[in-house]
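Observations on the three-dimensional arrangement
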Amino acid sequence: MHRLAAIPGAADEGSAAFIEQAPAPVLLLTSADTDLLVLEALLEAEPQLLGAELRGLNLAALAHPAVVDHYLATTAQTAQLVVVRLLGGRGHWSYGLERLCHWADAGSGRQLLVLAGTSEEERTLAELGTGDPLLAVGLARCLREGGPANGRMVLGALGGLLRGESVDPPVPLPLADPLPHDWRRDAGERIGVIAYRALWQAGDLALMEDLLARLRERGLCPRALWVSSLREGAVQRGVQQLLARERVQAVLCCTSFASVQFAEASLGAPLWEALDVPVLQLLSSSQPRQRWQASSIGLSPTDLTLQVALPELDGRITTRIGAFKECVGAGENLGAALQRYRPDGERLGWVCELAANWISLRRTPAAERRVALVLANYPTRNSRLANGVGLDTPASAAAMLQWLQVGGYGVVGPLPADGQALIEALLAGRTNDPESGHRAALDHLPLASYQAWYQQLPAEGRERLEAVWGAPEHDGGLETLADGGRGFAVFGLCFGHVCLLVQPERGYDRDPSLSYHSPDLPPTHAYLAQYLWLRQHFGAQAVVHVGKHGNLEWLPGKGLGLSPACFPEWALGPMPHLYPFIVNDPGEGSQAKRRSQAVILDHLPPPPPPGTGRSARRPAAAGGPPR
C-alpha cells in the first residue's frame, strides 16, 4: 500500500508520498512557490482568466521517480497541456522531463512547454517541449518578471493554446529591477540586503520584514533591494550603483545561485569586487522547520547546491538559515499546497550579529583591532604543535605577526623572528601536552564567568555535553587559582592587541586520532572556555585559524545550517573567521566555510625539492600573506 499526500506539494508530506490531484486540462509544475502564490491569487480574483481548470504543483513533490510515474499515470492522464518551469538546468529534473516527453508522444493533442527559470537555459529547455520554442521563451520571461500583470498574460496564452488558437510569444511587462524596499533614515552603518523580487510580488514578505527589523534593532541602517536575479548584467550594475552610492559596509544576500557563470568563477565576481565589502549569504530552507530540527544534515541537497555551493563561487560567507518554508494551506484553484517563508527570529538575530561584527571590524582602526591567531595542535603533543598540511605553520604565524605589526595593528613586541623562535616561546609556557602542566598558563577564565555563559545555552546541547564530561564544576581542566577560586587555563602568547593561542584538545584520556574527527564527541568545558576567553576577556574581533586543519569545524552538530545547539557555534559564536588553507583540499576547506563561517585564504602547495617530484614542507614567503 502506498501513502498519498493529504495536501499535494506540502513539504512535510515527504518526497516519497504519492501525489494525486483532481483532473484538469492544464498542469503547471514549477520550482518556484511564488508562481503558485501569484496564480492562485489571480484565479481567485478572476476565475475566467484561463477559461479552464488549472492544477499547480511544486516540482519538489515529484523528486522520486516512482512518484513521477504515479502522477503521470493518474493526474496527468487526462491533461491536455503540461507546463514545467525549472530553476536550473535539465539535470535538476531529468527523469521527470524524460517521462513527460514520453507522455506528450503517447497521446493525441497533448502539449508540453518547458520554461527556464534563468536566461542562459531558456532556449535549451524550450526546445524540449512540443510547441513553438519562442512561445516558451516568452512565457518563461513573463514568469521571471513575475507579478499579477505578467501572470495574467501567461494564463491568457495558456488558454489560447488550450483552445487551439495561434498564440504569439508574450512580451513581459518590465518592473523596476533592482527595486528598493522600505528605505528609512536609520542611524548606524548601512548594510545592503538583496532578495528575490518574486517574493515581493507574491506577497511573501515576512522574512524581509523580520530581517530589516532585526538589523535596525542591532543599530544598522538596511538598504534592501528586490531583484529578479543577480545573473543579469543590467541588474548587477543597478545593484552596484545603488549600494555604492549608499556606501554600504556589508551585504546580506538572500538569493540563490552565483552572480557569475561557473566557467568564469576563477576570474572573480565583478559585482562584489566593485563594492569591496563582506558579502554574507543568508540561507532559506525549502523544507519546514520541523524537518530541519530532526536532521543531522540541516539542508536538503537542492538547498545545498543552490544556496551554498553555487554562492560560494562568488566568495559569499555562509551563515545560517533565516527562514523555513511552511505550508499555509491548499489553494482552492490550483489544488496544491501554498507555501510561504516563516522567519526564525533567533537565527536571524545571529546572522545580524555576524554582519554587525564584520562591519565593526571593518570600521575599527587597525591600531585598535583585536585579533586572535589559533594554531592547530594534533595530536596534542609538543612535537605536533602548530602542524599544518603543506604549510610551515610556525613560520607562517611568525610572519603574520610581523605583517600585522607593519600594517599598524597594536602588536607589542618583541616578536619571534621566525618559526623556531615562535615554537620556543610557546614551549616556555603551558600547552596541551600533559608534560607542560607545571608551566605557567597565559591566563585563566574564571569558572563563574564560564557558568554564567553556559547556563544560557540550549538545554539539549548541555545535556549532551554533560552526559560525557559532567557539569562544568567537575571538568578535568579546572584548576585552583591564586585567589582561591577555580578557572580554566588558556594556552598561548599575547602581543598586545594580537594573541596567539594553541587550539584546545577535544577530550581527555582518549585516543586523539578518534576524538579529533568524532562526529559525536562533544568538546570539553575547558575547550569551550578557551574560546569564550577569546571573546569575553581578550575581546577578539576576528579569529584566524592557522594550520590545516583544526578541530573546531569538526565538532558535533548539523552539517549545514547550524542550530543554537550545535557545538561549532558555541565555540566561535558570530565571530568573523579567516582560515589559510591549502588550495588542493577544497573538501575540508568547505567544512570550515559551511560550519564555522570561515573565509578561506587559499595558499599554494609547497614546491618539490630540487631534483625530486615529491612535495616538501616549506615556510610561507616572508614578504606577504599566503595566496
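Quick caveat, the model's predicted, so the values are computed rather than measured.

Counting its secondary structure elements, the protein contains 21 helices and 20 strands. Against the compact-globule benchmark of 25 Å for 627 residues, the protein has a radius of gyration of 28 Å, which places it among compact chains. Each principal axis of the C-alpha distribution contributes one length, and for the protein these read about 90 × 60 × 55 Å. Counting only residues that meet the buried cut, the protein has 56% of its 627 residues in that class. Here the contacts in the protein between residues at least 6 apart in sequence split such that 74% fall between residues at least 24 apart. If you sum the accessible surface of the protein, you get close to 25600 Å²; carbon and sulfur atoms cover 52% of it. Put simply, the protein has 54 plus and 64 minus side-chain charges, and the middle of one group is 3 Å from the middle of the other.

On to helix α3 (residues 94-106). If you check α3, its first and last C-alpha atoms are 19 Å apart, about what 13 residues at 1.5 Å a residue would give, namely 18 Å. Regarding α3, the residues found buried are G96, L97, L100, W103 and A104. Buried residues in α3, looked at end-on, bunch into an arc of 115 degrees, giving them a common side. Set apart from the buried face of α3 by more than 90 degrees, the exposed residues are D105 and A106. Check the buried side of α3 and you find it contacts β1 (26-30), α2 (65-73), β3 (81-86) and β4 (111-116).

So, on to the nonpolar core. If you look at the biggest cluster of nonpolar residues, it comprises 34 residues, and the most contacted ones within it are Y450, W453, L528, W533, L534 and W570. For this core, the secondary-structure elements that each account for two or more residues are β12 (371-375), α16 (447-454), α17 (459-469), β15 (486-490), β17 (498-502), α19 (525-538) and α20 (567-572). The biggest single contributor to this core is α19, with nine residues. Excluding its chain neighbours within four sequence positions, the residues that come into contact with W453 are L528, L532, R535, Q536 and W570. Within the second largest apolar cluster, 32 residues are counted, among which are L207, L282, A356 and L361.

With omega at 10 degrees, the peptide bond leading from D177 into P178 counts as cis. The topology assignment puts P178 in the loop between α6 (147-162) and β5 (179-181). In this chain, K548 is followed by H549 through a cis amide linkage whose omega measures -15 degrees. You can see H549 is positioned in the loop between β18 (542-546) and α20.

So, on to the packing of aromatic side chains. Any pair of aromatic rings gets described here by the distance separating the centres and the angle formed by the planes. Counted by the stated rule, this structure contains eight aromatic pairs. Measuring from ring centre to ring centre gives 4.9 Å for F567 and W570, while their planes differ by 70 degrees; the resulting arrangement is edge-to-face. Taken as a pair, F567 and W570 lie in helix α20 at a separation of three residues, close to a single helical turn. For the pair F567 and W570, one class covers both residues: buried.

One pass over the structure, following the stated rule, counts 31 salt bridges. For R184, the salt bridge identified is with D182, shortest N-O distance 3.0 Å. Linked through salt bridges whose partners overlap, the residues forming this network are D182, R184, D186 and R216.

Conventions and cut-offs
By convention here, each chain's residues receive numbers from 1 onward along its written sequence. Predicted model: local features are reported for residues with pLDDT of at least 70 only, side-chain atom pairs are reported and counted for 80 or more only, and whole-chain, interface and lining totals are derived from all residues. Only heavy atoms go into the side-chain values, all of them from the structure, while hydrogens and water stay out. Secondary structure elements are taken from DSSP: a helix is a run of H or I of four residues or more, a strand is a run of E of two residues or more, and numbering for both begins at the N terminus. We take the radius of gyration over the C-alpha atoms and set the globule estimate at 2.2 Å times the residue count to the 0.38 power. Exposure categories follow from relative accessible area, calculated using a 1.4 Å probe and restricted to protein chains: below 20% of the type maximum is buried, above 50% is exposed, and the middle band is partly exposed. Here, two residues are considered to be in contact whenever any of their heavy atoms come within 4.5 Å of each other. Each accessible area is a Shrake-Rupley estimate made with a 1.4 Å probe; only the visible protein chains count as cover when residues are assessed. Working convention for charge: Lys and Arg count positive, Asp and Glu count negative, and His plus the chain ends are omitted. In this description, the location of a charge corresponds to atom NZ of lysine, CZ of arginine, CG of aspartate or CD of glutamate. For a helix, the expected span equals 1.5 Å multiplied by the number of residues minus one. When we speak of the arc, we mean the arc of directions from the helix axis to the C-beta atoms. Take the buried residues of types Ala, Val, Leu, Ile, Met, Phe, Trp, Tyr and Cys, join any two whose side-chain atoms come within 4.5 Å, and each joined set is a nonpolar core. Classification of ring pairs uses Phe, Tyr and Trp, with its six-membered ring standing for Trp, and accepts pairs whose centres are within 6.5 Å; under 30 degrees between planes counts as stacked, over 60 as edge-to-face, and the remaining range as tilted. Each salt bridge in this description consists of a side-chain nitrogen of Lys or Arg and a carboxyl oxygen of Asp or Glu lying within 4 Å of one another.

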